[in-house]
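# Reading the structure
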Amino acid sequence: MTDPIADYLTRLRNAIRANHRIVEVPSSKMKKEITKVLHDKGYIRNYKFEDNAGPQGTIKVALKYNPETKTPSIQQLERISKPGLRKYANADELPRVLNGLGIAILSTSKGIMTDKEARNLHIGGEVLCYVY
């Protein structure tokens, strides 16, 4: 597998389209941090890291849906920086997703964070994905 982050996002996307409640994903440090950001921003209900399966373990992600309309809280996951073409943004050029309604997840020197947090800290980094 050449792009584990794209695989992670695709598994989430497929589970949302199939209306699954829980999706299981192979774990890595970056995937764990992205999962924490998604939980902190309210895009997923909960998560659990399991270290017993495989060399690095798995992540169980509980997806979040609206109770009345059954629509998922994640409408779109879009991978931006790919192994063949990395996308970086300076602190002054950080993207705004849907004019601030969505988030861009960045990999910075201070760790993985959203575009709003990076803008407040005035640091740039690699734009991993857009979530809205």
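The structure contained in this document is the topic of the report that follows. (Residues numbered from 1 in each chain as written. Predicted model: local features only at pLDDT ≥ 70, side-chain atom pairs only at ≥ 80, totals over all residues. Heavy atoms only, no water.)

## Here's the deal with the overall build of the protein chain
Per the secondary structure count, the protein chain includes three helices and eight strands. In the protein chain, the succession of helices and strands from N to C terminus is α-β-α-β-β-β-β-β-β-α-β. In terms of its C-alpha atoms, the protein chain occupies a principal-axis envelope of roughly 40 × 40 × 25 Å. Counting across all 132 residues of the protein chain, residues that qualify as buried make up 42%. For the protein chain, contacts bridging at least 24 residues in sequence account for 59% of all contacts bridging at least 6. Of the roughly 7600 Å² of accessible surface on the protein chain, a fraction of 48% belongs to carbon and sulfur atoms. If you average the places of the 22 positive and of the 14 negative side-chain charges in the protein chain, the two averages end up 3 Å apart. (Helix = DSSP H or I, 4+ residues; strand = E, 2+ residues; numbered from the N terminus. Buried < 20%, exposed > 50% of the residue type's maximum accessible area, 1.4 Å probe, protein only. Contact = heavy atoms within 4.5 Å. Areas by Shrake-Rupley, 256 points an atom, 1.4 Å probe, with all protein chains shown as cover. Lys, Arg positive; Asp, Glu negative; His and termini not counted. Charge placed at Lys NZ, Arg CZ, Asp CG, Glu CD.)

## A few points about the pattern of salt bridges
Taken as a whole, this structure holds eight salt bridges when the rule is applied. In this structure, the salt-bridge partner of glutamate 33 is lysine 36, at a minimum N-O distance of 3.5 Å. Placement of both glutamate 33 and lysine 36 in helix 2 (residues 29-40) is noted, with a separation of three residues, approximately one turn of the helix. The partly exposed category is assigned to lysine 36, whose relative accessible area is 30%. Across the pair lysine 60 and glutamate 50 runs a salt bridge whose closest N-O atoms are separated by 3.7 Å. Taken together, the residues span a long stretch of sequence, with lysine 60 in strand 3 (residues 58-63) and glutamate 50 in strand 2 (residues 44-50) at a distance of ten residues. In this structure lysine 60 comes out as partly exposed when scored by relative accessible area, which is 29%. Judged by its relative accessible area of 18%, glutamate 50 falls in the buried class. (Salt bridge = Lys/Arg side-chain N within 4 Å of Asp/Glu carboxyl O.)

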